[in-house]
Amino acid sequence: MNFEYNSVTLKNNIMKGNVYCTNIDIFDPCILSSVVIAEISDLHLEEDEMTCKGNVDLVSMAIEYNGADIIMISGDIVNDASDLRNPLFCQKLREIIKSLSNGRLLLVQIGNHDIATFDKSSRCFKEMDSSLLKEALSPLPNIIFLDEISNLYLRNNQKIAQCGYEGLTQSNLNFVGLDLPWDYYFKNKENLWIFKTIYQEKIINNSPFLKNTFNILDIHTIVNFIKLGRLYPHFFKDVDICLGGHQHSGLVPAGLERIIPGNRGLIAPNMKIFPTDQRGIELLDKENSSSKLICSIGNSVNVRVEMPLINKLRIYGPSVRFIHLNEKGPKGKARVKRTTLKFR
């Protein structure tokens, strides 16, 4: 999908750097009331290296500049779940996420790093319980973990209204989260057919999507979702947009994204070279419908690689996607614009 590119320079005396913003305008009569979602992923915050917080601050500034009603984090808030055993780290983490959300409704999905720790002696990942992250962030009153509910329907939702988000209850949005287990990432190596089984058991069999509603699906990694969408379009006929991270935009620096064709990346998390479906926006035809299924791929606040020098050089800037949901306009159409915010 072709992007329109531009840049904006903003004066700032506190934090300097670039944020790569993708603005997606979506039109659908089911939406009823306009809503802006700021979607981010892969914060990878660490106990012994809180320099990652700098990128979160930049993203916070970008969100305040662009505006948003909802913030969605598509997984990997932490880099190593064992850090969540440290009360001081958890306190600092809450402060960062609280500042980032700034009172907005915060929807969170679990990522593979949120349920794993790297064992240096065996040089492999070991499983951790997702309850550690939930316990660390549970004091925040505006947070909802999507893996704990079958779906979150905003229209006339009294609980959402009581939390101070009455304006959102006028929208006709339904959020569904698909959490993927530790085995899927670290034992099954993100196998396509294992994903198909998980999707059937957790989504198809439970039918969390609603008719005459704009349905938003959030998965930490959506590469296999896209692949299955091409093979079995009937699986996804009720999904309007799917959001996810994990791919770190294929480790493509911002300066090369116009050179590398399509949505290919340089390296995937599973170490495949020049993989497809790593970044940008993918449109899938929805069976028996004139509309498209929009897939937002590979968003990342902190691109973390196992090369400390690359991390220190910070050649990968943070990114955030703003999904503008509008009730009026040509159904099934999407406009995409990429803006580099330069804080100087």
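Right, let's walk through the structure included here. (Residues numbered from 1 in each chain as written. Predicted model: local features only at pLDDT ≥ 70, side-chain atom pairs only at ≥ 80, totals over all residues. Heavy atoms only, no water.)

1. Examining the overall build of the chain
A tally of helices and strands in the chain yields eight helices and 16 strands. Relative to the globule expectation of 20 Å for 344 residues, the C-alpha radius of gyration of the chain, 19 Å, shows essentially globular dimensions. Overall size of the chain, expressed as C-alpha extent along the three principal axes, is 50 × 45 × 45 Å. The 344 residues of the chain split such that 56% are buried. Restricting the contact set of the chain to residue pairs at least 6 apart, pairs at least 24 apart contribute 77%. When the accessible surface of the chain is summed, it comes to about 15400 Å², and 50% of that surface belongs to carbon and sulfur atoms. Separation of charge centres in the chain, based on 40 positive and 38 negative side chains, amounts to 6 Å. (Helix = DSSP H or I, 4+ residues; strand = E, 2+ residues; numbered from the N terminus. Rg over C-alpha atoms; globule rule 2.2 N^0.38 Å. Buried < 20%, exposed > 50% of the residue type's maximum accessible area, 1.4 Å probe, protein only. Contact = heavy atoms within 4.5 Å. Areas by Shrake-Rupley, 256 points an atom, 1.4 Å probe, with all protein chains shown as cover. Lys, Arg positive; Asp, Glu negative; His and termini not counted. Charge placed at Lys NZ, Arg CZ, Asp CG, Glu CD.)

2. A short note on the environment of D114
Note on placement: D114 falls in the loop between β5 (105-108) and β6 (116-119). The buried category is assigned to D114, whose relative accessible area is 0%. For the pair D114 and S7, spaced 107 residues apart in the sequence, the C-alpha separation amounts to 33 Å. In contact with D114, other than residues within four places in its own chain, are G75, D76, I77, V78, A81, Q109, D129 and L133.

3. Some remarks on the environment of L325
In this fold, L325 is placed in strand β15 (residues 319-326). Ignoring any residue separated from it by four or fewer positions in sequence, one finds L325 in contact with I26, I31, S33, S34, V35, I37, L173, F214 and I216.

4. Overview of the pattern of salt bridges
Taken as a whole and judged by the stated rule, the model has nine salt bridges. Where D119 meets K126, a salt bridge forms, and the shortest distance between an N and an O atom there is 4.0 Å. Overall, the relative accessible area of 42% leaves K126 in the partly exposed class. Notably, a salt bridge pairs K202 with D179, separated by 3.4 Å at the nearest N-O pair. Of this pair, K202 sits in helix α6 (residues 192-204) while D179 is found in the loop between β10 (173-178) and α5 (182-186), placing the two residues 23 residues apart along the sequence. The class for K202 is partly exposed, based on a relative accessible area of 33%. The class for D179 is partly exposed, based on a relative accessible area of 23%. Sharing partners across several salt bridges, the network here consists of K134, D147 and E148. (Salt bridge = Lys/Arg side-chain N within 4 Å of Asp/Glu carboxyl O.)

5. Here's the deal with the pairing of β6
One ladder, built from four bridges, connects β6 with strand β7 (residues 124-127); its direction is antiparallel. Residue pairing across strands places F118 opposite F125, the latter belonging to β7. What sits between the antiparallel neighbours β6 and β7 is a turn of four residues, in which R123 has the positive phi angle 60°. (Pairing = 2+ DSSP bridges.)

6. Details of empty space enclosed by the protein
Counting across every chain of the model gives two cavities of 30 Å³ or more. Estimates place the volume of the second largest cavity at around 30 Å³. G229, P233, F236, L284, D285, K286 and L293 are the residues that line the second largest cavity. Along the lines of polarity and charge, the residues of the lining of the second largest cavity split into four nonpolar, one polar and two charged. (1 Å grid on protein atoms, 1.4 Å probe; cavity = no way out; pocket = protein on both sides within 12 Å on 5 of 7 lines; lining within 4 Å. Points joined across faces, edges and corners; volume = space filled by probe spheres on them. Nonpolar A, V, L, I, M, F, W, Y, C, P; charged D, E, K, R; others polar.)

7. A look at α6
Inspection of α6 places L192, F195, K196, I198, Y199 and I203 among the buried residues, and these make up the whole buried set. One side of α6 carries all its buried residues, which in axial view fall inside an arc of 170°. Residues of α6 that are buried in the fold lie against β10, α5, β11 (214-219) and α7 (223-231). Where α6 begins, one side-chain oxygen reaches toward the backbone nitrogen of W193, 2.8 Å away; that side chain belongs to N191. (Arc of directions from axis to C-beta. Polar contact = N/O pair within 3.5 Å; in protein donor to acceptor, adjacent residues only side chain to side chain.)

8. Section: the sheet that holds strand β1 (residues 4-10)
Pairing within the open sheet is mixed, and its eight strands lie in the order β1-β16-β2-β15-β3-β4-β5-β8. Each having just a single partner strand, β1 and β8 (143-145) make up the two edges of the open sheet. For this sheet, the mean angle separating the axes of adjacent strands, direction not counted, is 25°. In this structure, strand β4 (residues 70-73) lies alongside β5, joined through four bridges in parallel fashion. Residue pairing for β5: I70 is matched across the bridge by L105. In the packing of helix α1 (residues 53-66) onto the sheet, the strands contacted are β1, β2 (17-27), β3 (35-40), β4, β15 and β16 (334-343), and the crossing angle to β2 comes to about 40°. Across the sheet, helix α2 (residues 87-101) touches β3, β4 and β5, and the angle it forms with β4 is around 140°. (Axes fitted to C-alpha atoms, helices over the stretch in contact; angles between N-to-C directions.)

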